[in-house]
Amino acid sequence: MLEPASLPSLPAIRAFEAAARTGSFAGAARELGTTAASVSYHVRQLERQTGVALFHRHPHRVELTAAGQIVAAEASQAFAALRASFARAVELDETRLSITALPTFGTSWLTPRLGDFRARHPRIQLDIDLSHDARDLAGGGFDAAIRNGHGRWPGLRTVLLFPSCFTPLCAPVLAERAAKSLTDLPLLGRQDWWRLWFAARGDPHMPSPEQFGIHLADEYLDAAAAAAGHGVTIGSPILFAREIEAGRLVRIDDLVVSDCRAFWLAWPVARQHSAKIKLLRDWLDAEASAERARLQAMLDGIVIVAA
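Numbers given to residues run from 1 along each chain, matching the order in which its sequence is written. At least 70 in pLDDT is required for a residue's local features to be given in this predicted model, at least 80 for side-chain atom pairs to be given and counted, and no such filter applies to totals for whole chains, interfaces and linings, which use all residues. Processing note: side-chain calculations cover all non-hydrogen atoms of the structure and skip hydrogens and water entirely.

### Points about the pattern of salt bridges
Step number 1: One side-chain nitrogen of Lys or Arg within 4 Å of one carboxyl oxygen of Asp or Glu is enough to make a salt bridge. Applying the stated criterion across every chain yields a total of 23 salt bridges.
Step number 2: The closest approach of N and O atoms between Arg113 and Glu287, which form a salt bridge, is 3.4 Å. Here Arg113 is found in the loop between helix H5 (103-110) and helix H6 (114-120), whereas its partner Glu287 is found in helix H11 (residues 275-294), with 174 residues between them in sequence.
Step number 3: Beyond isolated ion pairs, a larger network of salt bridges with shared partners links Arg113, Glu245, Glu287, Glu291 and Arg294. Only DSSP runs of H or I covering at least 4 residues are called helices, and only runs of E covering at least 2 are called strands; the numbering of each starts at the N terminus.

### A short note on the pairing of strand S6 (residues 156-170)
Step number 1: Think of it in three bands: residues with accessible area under 20% of the maximum for their type are buried, residues over 50% are exposed, and the middle band is partly exposed, with areas taken using a 1.4 Å probe on protein chains only. Most of S6 sits inside the fold, with 11 of its 15 residues counted as buried.
Step number 2: Looking at chain direction, S6 and strand S10 (residues 257-268) are connected through nine bridges and run antiparallel. Within S10, the position partnered with Leu160 by the bridge is Trp264.
Step number 3: Two strands make a pair as long as DSSP finds a minimum of two bridges between them. Direction of pairing for S6 relative to strand S8 (residues 232-235): antiparallel, over a ladder of three bridges. Bridge pairing links Thr167 to Gly235 in S8.
Step number 4: Examined bridge by bridge, S6 and strand S9 (residues 250-251) share two bridges and lie antiparallel to one another. Looking at the pairing, Leu169 lines up with Arg251 of S9.

### A few points about the nonpolar core
Step number 1: Counting residues in hydrophobic clusters, the biggest one holds 37 residues, and the most contacted among them are Phe105, Leu161, Phe162, Leu280 and Leu284.
Step number 2: Two residues qualify as a contact provided that any one of their heavy atoms is within 4.5 Å of a heavy atom in the partner residue. Beyond its immediate chain neighbours, meaning those up to four positions away, Leu161 contacts Phe105, Ile146, Phe263, Trp264, Leu265, Leu284, Ala288 and Arg292. Buried Ala, Val, Leu, Ile, Met, Phe, Trp, Tyr and Cys residues form a nonpolar core when they are joined through side-chain atoms within 4.5 Å.

### Notes on the layout of surface pockets
Step number 1: Here a cavity denotes grid points, spaced 1 Å and computed from the protein atoms alone, that fit a 1.4 Å probe unable to get out, and a pocket denotes an open set having protein on both sides within 12 Å along at least 5 of 7 lines; residues with an atom within 4 Å of a point are the lining. Grid points are joined across faces, edges and corners, and a volume is the space filled by probe spheres set on the points. There is about 460 Å³ of room inside the largest pocket.
Step number 2: Along the walls of the largest pocket sit 25 residues, with Thr104, His132, Arg190, Trp193 and Glu219 positioned nearest its centre.
Step number 3: Elements that contribute at least two residues to the lining of the largest pocket include exactly H5, S6, helix H9 (219-227) and S10.
Step number 4: Looking at the second largest pocket, its volume works out to about 210 Å³.
Step number 5: Mapped by element, the contributors of at least two residues to the lining of the second largest pocket are helix H1 (10-22), helix H3 (36-50) and helix H4 (66-93).
Step number 6: Sorting elements by how many residues they give to the lining of the second largest pocket places H4 first, with four residues.
Step number 7: Lys, Arg, Asp and Glu make up the charged group, whereas Ala, Val, Leu, Ile, Met, Phe, Trp, Tyr, Cys and Pro make up the nonpolar group; the residues left over, Gly among them, are polar. Split into classes, the residues belonging to the lining of the second largest pocket amount to 11 nonpolar, one polar and one charged.

### Brief notes about the packing of aromatic side chains
Step number 1: Two aromatic rings, drawn from Phe, Tyr or Trp (for Trp, its six-membered ring), form a pair once their centres lie within 6.5 Å of each other, and the interplanar angle then sorts them: stacked below 30 degrees, edge-to-face above 60, tilted otherwise. Per the counting criterion, the structure on display carries 12 aromatic pairs.
Step number 2: Aromatic pair Phe117 and Trp283: ring centres 5.3 Å apart, planes at 65°, arrangement edge-to-face. Here Phe117 is found in helix H6, whereas its partner Trp283 is found in helix H11, with 166 residues between them in sequence.
Step number 3: Residue class for Phe117 comes out buried when judged on its relative accessible area of 0%.
Step number 4: Take Trp283: its relative accessible area is 6%, and that puts it in the buried class.

Dropping the structure here:
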């Protein structure tokens, strides 16, 4: 006798529902990817647990009893509702795309281009998170990430976008002075990048700590301060290509240095067949390829320096 508060196992109910719908244990087995013996076992367990005969068994088919017909109708409706709810959940998930990116990449390069993605795929709503931290993609909170590194992260697939590189940038008003000498100008940005750039240049005069009077949290903030004339920053001529082309920032030297790292689109292996991630991957790959082609001469001249 089935206790009022108890419920038979889901595999047993699933086996029964499939057998009832297909009219045989063999048909249910083909649908469920198992054996007829396994289906028969689960149905027997269900009958023992409920104390009710659900099938009349014939040599090559099964026939529902009167009690079985009642259970089968309810079970089929329940599984149909479950299938529909999962289909709705997948459809809803495929219309929302959550991306986490580094602040400077997201602010200076990704965000200005998102309108094009939305125009191409208007049904997809975008959620953008900007963070220095490498967010966990396995937990389901984010669909994809823009990361900086060497492209090898366990459990993730990656597509190369473009190299991480840097060169001195400043406002036009400071360009002439900066091109002659950096020793008496305020400097902005990462000091380790400055050291790598000076080393690649073969310049023995490293910047002094006193030149770094303003410390900002992100590369795009350093670029904004440089564009305002507050000093010379060291930043990516790729991420700030629009500012350079608009004349808000000026490169003072042809030397562009990379520390062997790059920007990558990354997504979980488990989500590699997601339609929305494929749309993002194809779009970002095309955008980055166009950017690389446009800046190919500069990219060819990048000097690699180990950090």
